[in-house]
Amino acid sequence: MVSPVVTGYYRYTDIVFEWHQVLPNPEDRSPLRALVSQDALVHPDHPLHGEGVEGAELYLGTLQNFESRLLFSSAQVEYLRYWLHAVQLTKDPIPLPYSDCLLTESSLRYVSAVHFKTKEELRGALKQVEKNNKRLKGVDPTLNARRDIFERVRSLWSQKKGIWCALDFEAWDRDHTVLTEFGWSIVRWDNDAKIEEQGHLIVKEHKYYTNTFVQDNRDHFVFGKSEEVNRATFKQRIQTLIEELKKSGPVFLIFHDNNQDMKYLKSKAVDAQLPNLAFLLPDVLPKDGIFVLDTSDLFAALEGEASNNRRSLERVCRHLQVPISYLHNAGNDAHYTMLALISMASGEPVDMQRERRWPNRTQSANIPNAPQTGAGVKVQFSGWEDDDDFSDQEGVFGPVVDLNQRRKGSDGAP
């Protein structure tokens, strides 16, 4: 009976530092060690460099205990053996690492391909993974759950399947049962071609209900032409949209802080039929079903926020550098929610993406000798970055600079 082939991943450290040491033929050790060195891995002529892929391709995996590891795939390890023998650097194919070193699918929560153009990038990633594992030890389970969702969304989005639809409602701020607007932004794929659609409805009977506390921008839809409809048509159009979405495979409904919008969908004014709605994302892409995503949770994962504090759509877009105008228009808000999702879902794994966006900004990152274990990975934004009053001037004048602090820093004074 032929044994099944077991595939998986090997830890980077096992392949680079341990594998060559246990080879039975001492003459094979130097060629393998040279082949998996950091200088060799990032060289454009390395045998693991794939066509159309810039830099060394490795994998970042998350173990069941939420710790991360840099990995080689078992296919890559197998090819290294083959290549060394094919170019006659080893007399025979070298033996595989011990089977105990192989991480199978059940050992990992998720795995993502990552690329490194230089030795410095690779070395920096290894250090960052080690630091993050220490900082995340014993953190609030809420943060781990959000990080898990973040990586599932990245995995699902990368497959370019299903239909992704961001939704938003606006209601009169004196009575939230009076719906005034509805907006949507859709992304789907047809033979790998990305197809987008945006829309905005205004309730005719409620068009003169003006807000007191929230800015009223119903007449400023910037992604198309608004449609003014009566209440009956408003309800029917939303119901029809939901039914059409269901025909396109799995549906991912995207909200920013979904609590109120879900109430609107289920209200008598809309009465959307959403049976078996799931708030837990699947491990693998399903053939059908409706799943809820929340960009406020995704951003919380990215910035390392474990509390129930949710950032507004405006602040999320600002931190993600998504340009915005005329918020509190349901059509605009839906599309900005979609753009925020795309910005995060199409980026690197959560820790690598956070460091690229806000390098060395996590708690205690810049404090010498600060304990790292359990410190968390919360990004420390400057006051001006979170100042609503400042945001309107920021693009023109840049961040506020304390000249006294700058002078102290430049001359070494305390």
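Residues numbered from 1 in each chain as written. Predicted model: local features only at pLDDT ≥ 70, side-chain atom pairs only at ≥ 80, totals over all residues. Heavy atoms only, no water.

Enquirer: Before we move on, could you go through unusual backbone geometry and cite the residues and values that matter?
Expert: If you check the backbone angles, Gln 321 has positive phi at about 60° while not being a glycine. Looking at the element boundaries, Gln 321 is found in the loop between α10 (313-320) and α11 (330-345). The exposure class of Gln 321 is exposed, given its relative accessible area of 71%. (Helix = DSSP H or I, 4+ residues; strand = E, 2+ residues; numbered from the N terminus. Buried < 20%, exposed > 50% of the residue type's maximum accessible area, 1.4 Å probe, protein only.)

Enquirer: Describe empty space enclosed by the protein, and please don't skip the residues or the numbers.
Expert: The full count for this structure, using the stated rule, is 3 cavities of 30 Å³ or more. Looking at the largest cavity, its volume works out to about 110 Å³. Taken together, Leu 60, Thr 62, Phe 66, Ser 68, Tyr 110, Ser 112, Asn 144, Arg 147, Glu 151, Pro 349, Val 350 and Asp 351 make up the lining of the largest cavity. Elements with a contribution of two residues or more to the lining of the largest cavity: β2 (56-63), β5 (108-116), α6 (141-158) and α12 (350-357). Approximately 40 Å³ is the volume attributed to the second largest cavity. In terms of lining, the second largest cavity is formed by Glu 170, Ala 171, Thr 180, Glu 181, Tyr 209, Asn 211, Gln 215, Asp 216, Arg 218 and His 328. Sorting the residues of the lining of the second largest cavity by element identifies β6 (163-171) and β7 (179-190) as the ones contributing at least two each. (1 Å grid on protein atoms, 1.4 Å probe; cavity = no way out; pocket = protein on both sides within 12 Å on 5 of 7 lines; lining within 4 Å. Points joined across faces, edges and corners; volume = space filled by probe spheres on them.)

Enquirer: A description of the pattern of salt bridges should follow, citing residues and the corresponding values.
Expert: Following the criterion strictly, the structure yields 25 salt bridges and no others. Notably, a salt bridge pairs Arg 152 with Asp 283, separated by 3.0 Å at the nearest N-O pair. Of this pair, Arg 152 sits in helix α6 while Asp 283 sits in the loop between α8 (258-266) and β11 (290-294), placing them 131 residues apart in sequence. As a salt-bridge pair, Glu 243 and Lys 246 come within 3.0 Å of each other at their nearest N and O atoms. With Glu 243 and Lys 246 both in helix α7 (residues 231-246), this residue pair falls 3 residues apart, about one helical turn. Look at Glu 243 and you get partly exposed, because its relative accessible area is 35%. In this structure Lys 246 comes out as partly exposed when scored by relative accessible area, which is 29%. (Salt bridge = Lys/Arg side-chain N within 4 Å of Asp/Glu carboxyl O.)

Enquirer: Can you explain the packing of aromatic side chains? Please cite residues and give values.
Expert: Applying the stated criterion across every chain, the model contains 17 aromatic pairs. Clustering of aromatic rings is evident, with ring pairs tying together Trp 157, Trp 164, Trp 189, Phe 252 and Phe 291. (Phe/Tyr/Trp six-rings, centres within 6.5 Å; stacked < 30°, edge-to-face > 60°.)

Enquirer: I'd love a proper account of the packing of α6 against α11, names of residues and values included.
Expert: The contact between α6 and α11 brings their axes to 9 Å, and the two run at 90°. Considering their axes alone, α6 and α11 lie roughly perpendicular with respect to each other. When α6 is examined against α11, the residues Phe 150, Val 153, Arg 154 and Trp 157 are found in contact with a partner set consisting of Leu 341, Ile 342, Met 344 and Ala 345. Residues that form the contact of α6 with α11 fall into these classes: 7 nonpolar, no polar and 1 charged. (Axes fitted to C-alpha atoms, helices over the stretch in contact; angles between N-to-C directions. Parallel < 35°, antiparallel > 145°, perpendicular 65-115°, else oblique. Contact = heavy atoms within 4.5 Å. Nonpolar A, V, L, I, M, F, W, Y, C, P; charged D, E, K, R; others polar.)

Enquirer: Could you give an account of the sheet that holds strand β10 (residues 251-255), naming the residues involved and the relevant values?
Expert: Ordered in space as β9-β8-β7-β6-β10-β11, the 6 strands form an open sheet in which the pairing is mixed. The open sheet has two edge strands, β9 (227-229) and β11, and neither has a second partner. Within this sheet the neighbouring strands show an average axis-to-axis angle of 25°, counted without direction. The pairing of β10 with β11 spans 5 bridges and is classified as parallel. Pairing of Phe 255 across the sheet is with Asp 294, part of β11. (Pairing = 2+ DSSP bridges.)

Enquirer: Tell me what's going on with the side chain of Asp 333, and back it up with residues and numbers.
Expert: Residue placement: Asp 333 occurs in helix α11. Arg 218 is the oppositely charged side chain nearest to the buried, salt-bridge-free Asp 333, at an N-O distance of 13 Å. Leaving out residues up to four positions away in the same chain, Asp 333 has contacts with Asp 168, Glu 170, Leu 313, Leu 327 and His 328. (Lys, Arg positive; Asp, Glu negative; His and termini not counted.)

Enquirer: Describe the nonpolar core, and please don't skip the residues or the numbers.
Expert: Counting 35 residues, the largest nonpolar core has Trp 164 and Leu 341 as the members making the most contacts within it. Listed by contribution, the elements that provide at least two residues to this core are α6, β6, β7, β10, β11, α9 (295-303), α10 and α11. Per element, the largest residue contribution to this core is 7 residues, and it comes from α11. Not counting residues within four places of it along the chain, the set of residues in contact with Trp 164 comprises Val 153, Leu 156, Trp 157, Ser 185, Ile 186, Val 187, Trp 189, Phe 252, Ile 254, Leu 293, Met 338 and Leu 341. Core analysis: the next-biggest nonpolar cluster, separate from the first, contains 29 residues, Phe 169, Phe 234, Phe 255 and Val 292 among them. (Core = buried A, V, L, I, M, F, W, Y, C linked by side-chain atoms within 4.5 Å.)

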